[in-house]
Amino acid sequence: MRYVSTRGQAPALGFRDVVLTGLASDGGLYVPEEWPAFSPSEIAAFAGRPYQDVALAVMRRFVGDEIGEAKLKTLIADAYRSFPHPAVTPLVQIAPNHFLLELFHGPTLAFKDVAMQFLAALMDDILAERGERATVVGATSGDTGGAAVEAFRGRSRVDVAVLFPEGRVSEVQRRQMTTLSEDNVQAIAIKGHFDDAQALVKAMFADKGFREEVSLSGVNSINWGRIAAQTVYYFVAATALGAPSRKVSFTVPTGNFGNIFAGYVAAQMGLPIDRLVIATNVNDILHRTLESGRYEVGDVVPTASPSMDIQVSSNFERLLFAAEGRDDKTTLRHMEGLKQSGSFTLEEKSLSAIKTDFSSGRADEAETAETIRRVHAQTGLVIDPHTAVAVSVAERHLQPSSPMVTLATAHPAKFPDAVEKASGIRPALPERLAGLMERKEHFTVVPAELEAVERQIRSRSRAAQVEAL
Ligand SMILES: Cc1ncc(COP(=O)(O)O)c(C=O)c1O
Ligand SMILES: N[C@@H](CCOP(=O)(O)O)C(=O)O
């Protein structure tokens, strides 16, 4: 299995190099040269299997012959040991034909753990085999950062630095990044919003000298390893509800487009998905794009679902590339237009290709709060604001012909103020996070400037120190 860049100007790589590389050297994102596929009978055989078994079958398609089956099995078993729920990602019914896929049972209570726990074990293993070190960076609007520091803490071959927008994440999210004592972890608050943090990460990758000096790698969903691991739960959920004999729809609270893009990948691999519904908060660039065909960056507005306060949605580039018939020149032209003017217009046929699989909707702040309140009143379940955005949008897309699965991407206790305001219930953190709110915090505040951020990361990078010797 080889991977190519969406911008067509970086070398094709195998799975392990793709995982360590993160972003392609031409600024593009890696995608498989062709989609791996399952037959309907292979998909049917996933029904009722443990999550780890499905993960092994799915990941083998992405890994090819680069990692032996026994090693892959061990990496998967290690990754999902940190999930106390035996189903890893359980399904819960909230209404006729409407289910929640709970992706928040991992160590930091967000869906990011599902891929990050696996990715950290995988990267560490590849680096150990090669005798190398890496500096892993991540931009976060709240959840990727916590999941990354948790997954990489104490690992001997990796230093991890997460960039979060100062004052724009919840207190629980911030503390999950700032209260760790391991030397290989640093949290950096930048004066800006998530898009600034993400632009800084991409600029670090474009700075060849820095990239080589610190052996840069990335753990955002620009890293194909994240997408690959996120495809697994689409297979698990859909087969539990009757796939491949019947189609299933998914509604996904969307920001950087990594989670829903994993659903699209599962569909390309043969999973019969009816609709993939993009749910946005008022930062609705993706919803507007589907309605108008014009991708146009606006201001980032703070909301009760801060992890989705994103305008520049990285993985949309992967979808563009696919919708344009893998035409890397058109993708490159659009991405250059985006950089220069903050917008581009989709070709008619690309937009209609996207609309074949995707629908979209937006929930504003009042609708989000009302959904939290109503779901609690009707089911007794307390949902977080990101999940509520998706439930609100999903309810407008329910159809009798196929079950709707809404992805529940975070535990409500990560956003206690918003949840309490909406429902009157203040969700408590699970016992395993006891003490989080009392621990001492360590983080550095830097301006959203490349030089300042690189200086800060370099100062703690052991890969840079080895390079300097
Ligand atoms: C809780 C939560 N829900 C939804 C999202 C949006 O997911 P994606 O960026 O993959 O679209 C995020 C952040 O990515 C998140 O942390
Ligand atoms: N919502 C994310 C933003 C980064 O998304 P990623 O999936 O590309 O890492 C966050 O919570 O940090």
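Residues numbered from 1 in each chain as written. Chains lettered and ligands numbered in written order. Predicted model: local features only at pLDDT ≥ 70, side-chain atom pairs only at ≥ 80, totals over all residues.

### Some details on the overall build of the chain
Phase 1: Regarding its fold elements, the chain presents 20 helices and 16 strands.
Phase 2: Taken over the C-alpha trace, the chain has a radius of gyration of 20 Å; the compact-globule value for 469 residues is 23 Å, and the two agree within 12%.
Phase 3: The dimensions of the chain, computed from C-alpha atoms along their principal axes, are 65 × 50 × 50 Å.
Phase 4: With 469 residues in all, the chain has 56% of them scored as buried. (Helix = DSSP H or I, 4+ residues; strand = E, 2+ residues; numbered from the N terminus. Rg over C-alpha atoms; globule rule 2.2 N^0.38 Å. Buried ≥ 20, exposed ≤ 12 C-beta atoms within 10 Å, placed from the backbone.)

### Considering the sheet that holds strand E3 (residues 30-32)
Phase 1: Taken together, three strands build an open sheet; the order of strands is E2-E1-E3 and the sheet is antiparallel. Only two strands of the sheet have a single partner each, and these edge strands are strand E2 (13-14) and E3.
Phase 2: Pairing of strand E1 (residues 2-5) with E2, which is carried by two bridges, proceeds in the antiparallel orientation. Looking at E2, one finds that Arg2 is bridged to Gly14. (Pairing = 2+ DSSP bridges.)

### A closer look at the site of ligand 2
Phase 1: For ligand 2, the set of nearby residues contains 13 residues, the closest of which are Thr140, Asp143, Thr144, Asn220 and Ser221.
Phase 2: Along the lines of polarity and charge, the residues of the shell around ligand 2 split into no nonpolar, twelve polar and one charged. (Near = placed C-beta within 6 Å. Nonpolar A, V, L, I, M, F, W, Y, C, P; charged D, E, K, R; others polar.)

### Let's talk about the UniProt feature "modified residue: N6-(pyridoxal phosphate)lysine" (unreviewed entry) in the chain
Phase 1: According to UniProt, the feature "modified residue: N6-(pyridoxal phosphate)lysine" (unreviewed entry) maps to Lys112 in the numbering used here.
Phase 2: With respect to the helices and strands, the residue Lys112 is situated in helix H5 (residues 112-130).
Phase 3: Residue Lys112 is classed as buried on the basis of its C-beta count, with 34 C-beta atoms lying within 10 Å.
Phase 4: Dropping the residues within four chain positions of it, Lys112 is found in contact with Asp143, Thr144 and Ala147. (UniProt positions renumbered as here; feature names shortened; annotations may be inferred. Contact = placed C-beta atoms within 7 Å.)

### Digging into the UniProt feature "domain: Threonine synthase N-terminal" (unreviewed entry) in the chain
Phase 1: Annotation from UniProt places "domain: Threonine synthase N-terminal" (unreviewed entry) at residues 2-80.
Phase 2: Strand forms 11% of residues 2-80 and helix 47%; the C-alpha atoms that close the span are 27 Å apart.

### What about the sheet that holds strand E16 (residues 444-447)?
Phase 1: Spatial strand order, E9-E6-E7-E8-E16: five strands in an open sheet with parallel pairing. In the strand order of this sheet, the two ends are held by strand E9 (216-218) and E16, each with one partner. Going from strand to strand, the sheet's axes swing by 30° on average, the running direction of each strand aside.
Phase 2: The pairing of strand E6 (residues 134-139) with strand E7 (residues 158-165) spans six bridges and is parallel. (Axes fitted to C-alpha atoms, helices over the stretch in contact; angles between N-to-C directions.)

### What about the packing of helix H4 (residues 69-80) against H5?
Phase 1: One way to put it is that H4 packs onto H5 with a least axis distance of 8 Å and a crossing angle of 135°. Regarding the angle of H4 to H5, the classification is oblique. In the crossing of H4 with H5, the sense of the turn from one axis to the other is right-handed. Residues Leu75, Ile76, Asp78 and Ala79 of H4 lie in contact with H5, whose contacting residues are Gln117, Phe118, Ala121, Leu122 and Asp125.
Phase 2: For the contact of H4 with H5, the residue count by class is six nonpolar, one polar and two charged. (Parallel < 35°, antiparallel > 145°, perpendicular 65-115°, else oblique. Left-handed = near helix turned anticlockwise from the far one by under 90°.)

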